[in-house]
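# Breakdown of the fold
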Amino acid sequence: MNFDYMRLPAADAERLCYAEGFENAAKLFARIEALQYALGQATAALVAIEENDMTARQASGAAREALTIVRRST
């Protein structure tokens, strides 16, 4: 059976690739999932900075935390 892996969530595609023996493709989907998570966290931090009444110190901390997550994923 053929699957269109690009239509699946990255985590599902990763598991399916491992199950079918496509280890390198599975690793790529795992990386995609990590990058999607990092992007979501960075976006959430930026939205929080924009929408909340944060002090400069709080905004700096939120930005630093988001950057740490992104750096771990790249």
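Right above here is the structure, for reference.
Residues numbered from 1 in each chain as written. Predicted model: local features only at pLDDT ≥ 70, side-chain atom pairs only at ≥ 80, totals over all residues. Heavy atoms only, no water.

With that settled, the discussion passes to the overall build of the protein chain. Counting its secondary structure elements, the protein chain contains three helices and zero strands. In the protein chain, the order of α-helices and β-strands from amino to carboxyl end is α-α-α. In the protein chain, which comprises 74 residues, the share counted as buried stands at 22%. Within the protein chain, contacts between residues at least 6 apart in sequence are counted, and of these 33% link residues at least 24 apart. Surface exposure of the protein chain reaches about 5,700 Å², of which carbon and sulfur atoms provide 55%. (Helix = DSSP H or I, 4+ residues; strand = E, 2+ residues; numbered from the N terminus. Buried < 20%, exposed > 50% of the residue type's maximum accessible area, 1.4 Å probe, protein only. Contact = heavy atoms within 4.5 Å. Areas by Shrake-Rupley, 256 points an atom, 1.4 Å probe, with all protein chains shown as cover.)

Inspection of the secondary structure puts Leu46 in helix 2 (residues 23–51). With relative accessibility at 55%, the residue Leu46 sits in the exposed group. In this structure the C-alpha to C-alpha distance between Leu46 and Ala63, which are 17 residues apart in sequence, comes to 7.1 Å.

Attention now moves to the packing of aromatic side chains. The full count for this structure, using the stated rule, is one aromatic pair. Ring centres 6.4 Å apart and planes at 40° place the aromatic pair Tyr5 and Phe29 in the tilted group. Here Tyr5 is found in the segment before helix 1 (10–19), whereas its partner Phe29 is found in helix 2, with 24 residues between them in sequence. Across the pair, Phe29 and Tyr5 agree in class, each one buried. (Phe/Tyr/Trp six-rings, centres within 6.5 Å; stacked < 30°, edge-to-face > 60°.)

Turning to the side chain of Glu14, a few remarks are in order. With respect to the helices and strands, Glu14 occurs in helix 1. Here Glu14 occupies a buried position and makes no salt bridge, while the nearest side chain of opposite charge, Arg15, is found at 5.7 Å. Apart from residues no more than four positions distant in its own chain, Glu14 is found in contact with Ala26, Phe29, Ala30 and Glu33. (Lys, Arg positive; Asp, Glu negative; His and termini not counted. Salt bridge = Lys/Arg side-chain N within 4 Å of Asp/Glu carboxyl O.)

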